[in-house]
Amino acid sequence: MNTHTNTNAHRFYIVPTKRDKRHTLYSVLFNGRVVILGTHLPTAHGCRYLASMGLSGRAEMWDFSRSYARMVFPDLVKAAGMTIEDDDHGRPRVKPVRKLWQDHIHEGSDAGMDNHPSNHKRLSTVA
């Protein structure tokens, strides 16, 4: 177990919120604020959110129960362009996003701004 923390990484947290028959839904928090209310792909959507803020570089996905990152993304912009889909046999595969996620970036966004979901409805719920 690596407990080393990279202070240059953009850190976001996930919190499980709901479980259905197939997925667990998570909220994604960044800088102490909920930025995504419900997603079953918190890794991809968390990185997309950070990229939409104009951030780049390393990202880490944390939860509140472990003393180490659940996942590390050396290049958050590259990770933002990926998703996980089940293949024909129900096995998960990492694939490029079909629809360009950059189309949804809020122009003029700033990492220091208040990006609560109420200000950006596109972030509030991810299906």
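In case you missed it, the structure is sitting above this.
Note that the structure is a prediction, hence the values are computed from the model and not measured.

J.: How would you sum up the overall build of the chain? Please name residues and give values.
T.: Within the chain, the secondary structure is distributed over two helices and seven strands. Looking at the 127 residues of the chain, the share that counts as buried comes to 37%. Looking at the chain alone, contacts between residues at least 24 apart form 46% of all its contacts between residues at least 6 apart. Of the roughly 8000 Å² that the chain leaves accessible, carbon and sulfur atoms contribute 51%.

J.: Could you give an account of the pattern of salt bridges, naming the residues involved and the relevant values?
T.: Oppositely charged side chains can form a pair if their charged atoms are brought close together. If you walk through the whole model with that rule in mind, you get four salt bridges. Between arginine 70 and aspartate 63 there is a salt bridge, and its shortest N-O distance comes to 3.4 Å. With a relative accessible area of 35%, arginine 70 lands in the partly exposed category. Among the charged side chains, a network of salt bridges with common partners joins Asp63, Arg66 and Arg70.

J.: Go over the pairing of strand S6 (residues 82-86) with me, naming the residues and quoting the values.
T.: Note: S6 against strand S7 (residues 92-96), five bridges, orientation antiparallel. Note on S7: the bridge partner recorded for methionine 82 is proline 96. What sits between S6 and S7 in their antiparallel hairpin is a turn of five residues, with glycine 90 showing a positive phi close to 80 degrees.

J.: Can you lay out unusual backbone geometry for me, pointing to particular residues and giving the numbers?
T.: Of note, asparagine 31 is a non-glycine position whose phi angle comes to about 50 degrees, a positive value. Here asparagine 31 lies in the loop between strand S2 (24-30) and strand S3 (33-39).

J.: Could you give an account of helix H1 (residues 42-52), with specific residues and numbers?
T.: Burial analysis of H1 places eleven of its eleven residues in the buried class, which makes it a mostly covered element. Looking one or two residues beyond H1, the residue adopting positive phi is glycine 54, at roughly 85 degrees.

J.: Describe in detail the side chain of glutamate 60, supporting the description with residues and values.
T.: Structurally, the position occupied by glutamate 60 is in strand S4 (residues 59-62). In terms of polar contacts, glutamate 60 uses its side chain to reach the side chain of tryptophan 62, at 2.9 Å.

J.: Explain the side chain of serine 52 to me, and be specific about the residues and the numbers.
T.: In this fold, serine 52 is placed in helix H1. Relative accessible area serves as the criterion here: at 4%, serine 52 is assigned to the buried category. A polar contact of 2.7 Å, which involves the side chain of serine 52, links it to the backbone oxygen of tyrosine 49.

J.: Please give an account of the packing of aromatic side chains that cites residues and values.
T.: With the rule as written, the count across this model stands at four aromatic pairs. Seen in terms of ring centroids, tyrosine 13 and tryptophan 62 are 6.5 Å apart; in terms of plane orientation they differ by 40 degrees. Their pairing is tilted. Residue tyrosine 13 is located in strand S1 (residues 10-19), and its partner tryptophan 62 is located in strand S4; the two are separated by 49 residues in the primary sequence. Classification of tryptophan 62 as buried rests on a relative accessible area of 6%. Seen from their ring centres, phenylalanine 30 and tyrosine 49 are 6.1 Å apart, and the 65 degrees between their planes marks the pair as edge-to-face. Taken as a pair, phenylalanine 30 in strand S2 and tyrosine 49 in helix H1 lie far apart in primary sequence, 19 residues in all. Among the aromatic residues, those joined into a ring-pair cluster are Tyr13, Trp62 and Phe64. Positioned above the aromatic ring of tryptophan 62 is the side chain of arginine 11, whose terminal nitrogen or guanidinium carbon lies 3.8 Å from the ring centre.

How each quantity is defined
- Residues numbered from 1 in each chain as written.
- Predicted model: local features only at pLDDT ≥ 70, side-chain atom pairs only at ≥ 80, totals over all residues.
- Heavy atoms only, no water.
- Helix = DSSP H or I, 4+ residues; strand = E, 2+ residues; numbered from the N terminus.
- Buried < 20%, exposed > 50% of the residue type's maximum accessible area, 1.4 Å probe, protein only.
- Contact = heavy atoms within 4.5 Å.
- Areas by Shrake-Rupley, 256 points an atom, 1.4 Å probe, with all protein chains shown as cover.
- Salt bridge = Lys/Arg side-chain N within 4 Å of Asp/Glu carboxyl O.
- Pairing = 2+ DSSP bridges.
- Polar contact = N/O pair within 3.5 Å; in protein donor to acceptor, adjacent residues only side chain to side chain.
- Phe/Tyr/Trp six-rings, centres within 6.5 Å; stacked < 30°, edge-to-face > 60°.
- Lys NZ or Arg CZ within 6 Å of the ring centre and 35° of its normal.

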